[in-house]
Amino acid sequence: MPEFETVIGLEVHAQLKTESKIFCSCSTRFGEAPNTNVCPVCTGMPGSLPVLNARAVEYAVKMALAVHCQVNRRSLFARKNYFYPDLPMGYQISQYDQPLAEHGWVEIPVEEGTKRIGITRIHMENDAGKLLHSDGTWSQVDLNRAGTPLIEIVSEPDLRSAAEAVAYLKSLRAILMYLGICDGNMEEGSFRCDANVSIRPRGTTGFGTRTELKNMNSFRNVERAILAEVRRQVELVEDGEAVVQETRLFDAAKGVTRSMRGKEEAHDYRYFPDPDLVPLVLDEAQIAAWKAELPELPAQRRERFVTTLGLGAADAEVLTAEKAVADYFEAALGHGVEAKKIANWVMGDVLRELNDRGVGMEACRLSPVGLAHLVAMVEAGTINASQARAVFREVFDSGEDPRAVVERHGLAQVSDDAALEAWVREVLEANPDEVARLRAGEKKLVGFFVGQVMRRSGGKANPGKVSELVARVAGEGQP
Ligand SMILES: [Zn+2]
């Protein structure tokens, strides 16, 4: 049996965060009553004419520049013809043989470092409406989404595993969000992808027959769908059967892919230039101006965290993956606590709390400065690490200053030597046998005494100091 290699190419659709739709002035807001943000253009009324949204062009070009694409000075809108009830015009306005941008790349983190994934093209198009299915007897159509600007980002078939596909998606999503041009919400469909998956015997360079996977609305489902599809293809080939080119839907409940329809070829869509739209012509000066406006992107921020803050590459990777997390981390700096200590807290307790609750950074009410205060108290020995963790969970929701919580609960550690020494003496006197064993060289008993003192202090004793005191007081009177 040959060993197989997976080959994956992704087509990502990202909704652009413009106020209005791509070819009309209707609002793009999500969640409004059905068919309220519509007009003759986006409902495909005869005689209505599309007008291109300049802001959508700006956003699309900025993404193209951010992923090192060559932006074409002249691109063309084309009609992609197909019938579906959520597509009122009977065609989608897209770009075909003259797309907005081509030949880019993005770097993704892999075990050995980074890997460059090619981007074939980025083109602009309008989104379709949405079908609302009832109990199976009828369906309704909501055209609020019809005409929302999209960019489609098509990758080269450079991805070799489900994990790489997810890393690539996360990288693209991070760039879009750093640019502030897409909200990246996968559940609401503002960031979605189709995956072209095939297998081939390892060591060969040709391509196997691919299937296209749809209906994956989370990173986890993208990974599950690809793994399930690869397994299915390997089993087929090992049984001497052939993979059929088709579009398959991922069934998240069952964890399998199911055939949806035969895969269309480009000629099925009968593309032709849209006669209602002039070619999109961009001049050098405009592109240069947009390029100058690009904000710091994830890769640059990662680099800066390593060179100017002295963080390790892996830490910088985790901290910059989400813009909101990186912003939070940076805002917590400069309050007298080392960057590495803040980084550990953000990567540890903060991200753990967010993951456990399944929420984003915006759900954390504790201000970045509040976090700095909390970490500063741990560093100063005012509270210990487990107390800090409890305080953090409390202020995560309330947003209260951790210093006030420590005060209110009387959590501040006792580091006062006289008080600590009194507790240590009490504990030593109460356990003469253990003292004798400690004096005889059984050093592990220090831990036992520290535990006793911690109990006596109600958890408020500074354990480091107690440990020193135990050794000193127990050693008194010794030769
Ligand atoms: Zn409209």
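Rules used in this analysis
Residues numbered from 1 in each chain as written. Predicted model: local features only at pLDDT ≥ 70, side-chain atom pairs only at ≥ 80, totals over all residues. Buried ≥ 20, exposed ≤ 12 C-beta atoms within 10 Å, placed from the backbone. Helix = DSSP H or I, 4+ residues; strand = E, 2+ residues; numbered from the N terminus. Pairing = 2+ DSSP bridges. Right-handed = clockwise from strand over helix to strand, strands pointing away. Domains from an automatic or database assignment. Expected span 1.5 Å × (residues − 1). Arc of directions from axis to C-beta. Contact = placed C-beta atoms within 7 Å. Axes fitted to C-alpha atoms, helices over the stretch in contact; angles between N-to-C directions. Core = buried A, V, L, I, M, F, W, Y, C linked by C-beta atoms within 7 Å.

**Some remarks on unusual backbone geometry**
Then step 1. Backbone geometry at His 68 places phi at a positive 60°, although glycine is not the residue there.
Then step 2. According to the C-beta neighbour criterion, His 68 is partly exposed, with 15 such atoms within 10 Å.
Then step 3. The phi dihedral of His 103 falls on the positive side, at around 60°, and the residue is not glycine.
Then step 4. In this fold, His 103 is placed in strand 6 (residues 101-110).
Then step 5. Its 12 C-beta neighbours within 10 Å are what place His 103 among the exposed residues.

**Here's the deal with the pairing of strand 12 (residues 211-214)**
Then step 1. Both strand 11 (residues 191-201) and strand 12 contribute to a ladder of 3 bridges, which runs antiparallel. Bridging across to strand 12, Ala 195 finds its partner in Leu 213.
Then step 2. Sheet analysis places strand 12 next to strand 13 (residues 246-251), joined by 3 bridges and oriented parallel. Each residue of the ladder has a partner; that of Leu 213, found in strand 13, is Arg 248.
Then step 3. For the handedness criterion, the β-α-β arrangement of strand 12, helix 3 (residues 219-238) and strand 13 is classed as left-handed.

**A short note on the domain arrangement of the chain**
Then step 1. Parsing the chain into structural domains produces domain 1 (9-204 + 265-290), domain 2 (296-408) and domain 3 (417-475).
Then step 2. For domain 1 and domain 2, the distance between their C-alpha centroids amounts to 35 Å.
Then step 3. Looking at the side of domain 1 that touches domain 2, the elements with two or more residues in it are strand 6 and helix 2 (162-179).
Then step 4. Among the elements that take part in the side of domain 1 that touches domain 2, helix 2 stands out by supplying 5 residues, more than any other.

**With respect to helix 5 (residues 298-309)**
Then step 1. With 12 residues, helix 5 ought to run about 16 Å at 1.5 Å a step, and its terminal C-alpha atoms sit 15 Å apart, in line with that.
Then step 2. All of the buried residues along helix 5 are Pro 298, Arg 301, Arg 302 and Phe 305. Summarising the axial view, the buried residues of helix 5 lie within an arc of 105°, below the 170-degree limit, and thus occupy one face. Along helix 5, the residues that are exposed and aim more than 90 degrees away from the buried face are Thr 307 and Thr 308.
Then step 3. Check the buried side of helix 5 and you find it contacts helix 2, helix 6 (313-320) and helix 7 (323-332).

**Overview of the sheet that holds strand 2 (residues 70-71)**
Then step 1. One open sheet accounts for 9 strands, arranged 2-6-7-10-1-11-12-13-14; its pairing is mixed. Across the chains shown, the open sheet's two edge strands, defined by having one partner strand only, are strand 2 and strand 14 (256-262).
Then step 2. Sheet strands in contact with helix 2 are strand 1 (4-15), strand 6, strand 7 (113-126), strand 10 (149-155) and strand 11, and its direction is about 115° off that of strand 6.

**Re the environment of Cys 24**
Then step 1. Within the secondary structure layout, Cys 24 lies in the loop between strand 1 and helix 1 (54-66).
Then step 2. Taking the C-alpha atoms as reference points, Cys 24 and Ala 332, 308 residues apart in sequence, are found 42 Å from one another.

**Digging into the sheet that holds strand 15 (residues 272-273)**
Then step 1. With antiparallel pairing, 3 strands are arranged side by side in an open sheet as 5-4-15. Edge strands, defined here as strands with exactly one partner in the open sheet, are strand 5 (91-95) and strand 15.
Then step 2. The pairing of strand 4 (residues 77-81) with strand 5 spans 5 bridges and is classified as antiparallel. The residue of strand 5 that forms the bridge with Arg 79 is Ile 93.

**Considerations on helix 9 (residues 368-379)**
Then step 1. Between its first and last C-alpha, helix 9 extends 17 Å over 12 residues, near the 16 Å set by a 1.5 Å rise per residue.
Then step 2. With 9 of 12 residues buried, helix 9 is to be regarded as a mostly interior element.
Then step 3. Residues of helix 9 that are buried include every one of Pro 368, Gly 370, Leu 371, Ala 372, His 373, Leu 374, Val 375, Met 377 and Val 378, and no others.
Then step 4. Elements that come into contact with the buried residues of helix 9 comprise helix 7, helix 8 (339-357), helix 10 (385-398) and helix 11 (402-408).
Then step 5. Following helix 9 by one or two positions, Gly 381 has its phi on the positive side, about 80°.

**Some points on the nonpolar core**
Then step 1. Of all hydrophobic cores here, the largest spans 71 residues; its most connected members are Ala 60, Met 63 and Ala 64.
Then step 2. If one sorts the elements of this core by residue count, helix 2 sits on top with 11 residues.
Then step 3. Residues in contact with Ala 64, not counting those within four places in the same chain, are Cys 69, Val 71, Leu 100, Ala 101, Gly 104 and Ile 122.
Then step 4. Of all hydrophobic cores here, the second largest spans 30 residues; its members include Ala 316, Val 337, Val 346 and Val 350.

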